[in-house]
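These are the residues of each chain, in order.
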Amino acid sequence: MGRVVYWTIMRAAIVIPSLWFLMYYFQFRYWWIVAFGAIYGIIIHPAIIQFRKFENDNKEIVQSTLCSSCKHFDKTAVLCLKYDEHPSLNFLPCDGVEWEPINNFDYEEKEYN
Ligand code: SF4
């Protein structure tokens, strides 16, 4: 996930100054069209594609590994928070030793307090 955010920021860092520079070469009414096209086509659309690929690549890890039912697992980053490592289908950072179930009772208590 960090890679998606990183490359989105990098593309934005290149596209936005470039658009600023191109403003002097286009009439203002055309510049807006070019700007919206460039922002969507170079920054937003590739970020959406990368995010969908990230979700698809990690779908099985998020849904069907031991980590998916552990309270130390962050599904949004596909990260073990206890070991600060990314589990995979063939690799559990703790080898299952540190697994702790997600305790739904804790969530219910927090909601009522
Ligand atoms: S503690 Fe173990 S089971 Fe839990 S998320 Fe980390 S590696 Fe997975």
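Here goes a summary of the coordinates provided.

### With respect to the overall build of the chain
Across its full length, the chain carries 3 helices and 2 strands. In sequence order, the chain lays out its α and β elements as α-α-β-β-α. Taking 13 Å as the expected radius of gyration for a compact globule of 113 residues, we find that the chain reaches 21 Å, considerably beyond that expectation. On the principal axes, the C-alpha backbone points of the chain span a range of 65 × 40 × 20 Å. Classification of the 113 residues of the chain by burial places 22% in the buried group. In the chain, of all internal contacts separated by at least 6 residues, the share reaching a separation of at least 24 is 46%. As presented, the chain carries roughly 8700 Å² of accessible surface, and 62% of it is formed by carbon and sulfur atoms.

### Notes on a nonpolar patch on the surface
There is a patch of nonpolar side chains on the surface, built from W20, F21, L22, Y24, Y25, F26, Y30 and I33 and spanning about 980 Å² of accessible area. Secondary structure elements with two or more residues in the nonpolar patch: α1 (2-22) and α2 (28-64). Summarising the element assignment, Y30 is placed in helix α2.

### A few points about the site of the ligand
Residues in contact with the ligand, as listed here, are C67, C70, H72, F73, C80, P93, C94, E98 and W99. Grouping the constituent residues of the shell around the ligand by class yields 7 nonpolar, 1 polar and 1 charged.

### A short note on α1
Taking 1.5 Å per residue as the helical rise, α1 with its 21 residues ought to reach 30 Å, and the 30 Å between its terminal C-alpha atoms agrees with that figure. When we look at burial in α1, the residues that qualify are V4, R11, A12, V15 and L19. An end-on view of α1 places all buried positions within 115° of arc, on one side of the element. What points out from α1, more than 90 degrees from its buried face, is the exposed set G2, R3, I9, I14, W20 and F21. Contacts from the buried residues of α1 go to α2.

### A short note on the side chain of H72
Mapped onto the elements, H72 comes out in the loop between α2 and β1 (73-74). Only 3.0 Å separates the side chain of H72 from the side chain of E100, close enough to count as a polar contact. The contact partners of H72, leaving out residues within four places of it in the chain, are L79, C80, L81, K82, E98 and E100.

The rules behind these values
Residues numbered from 1 in each chain as written. Predicted model: local features only at pLDDT ≥ 70, side-chain atom pairs only at ≥ 80, totals over all residues. Heavy atoms only, no water. Helix = DSSP H or I, 4+ residues; strand = E, 2+ residues; numbered from the N terminus. Rg over C-alpha atoms; globule rule 2.2 N^0.38 Å. Buried < 20%, exposed > 50% of the residue type's maximum accessible area, 1.4 Å probe, protein only. Contact = heavy atoms within 4.5 Å. Areas by Shrake-Rupley, 256 points an atom, 1.4 Å probe, with all protein chains shown as cover. Patch = residues over 30% accessible without salt bridge, like charges linked within 9 Å, V, L, I, M, F, W, Y side chains within 5 Å. Salt bridge = Lys/Arg side-chain N within 4 Å of Asp/Glu carboxyl O. Near = heavy atom within 4 Å. Nonpolar A, V, L, I, M, F, W, Y, C, P; charged D, E, K, R; others polar. Expected span 1.5 Å × (residues − 1). Arc of directions from axis to C-beta. Polar contact = N/O pair within 3.5 Å; in protein donor to acceptor, adjacent residues only side chain to side chain.

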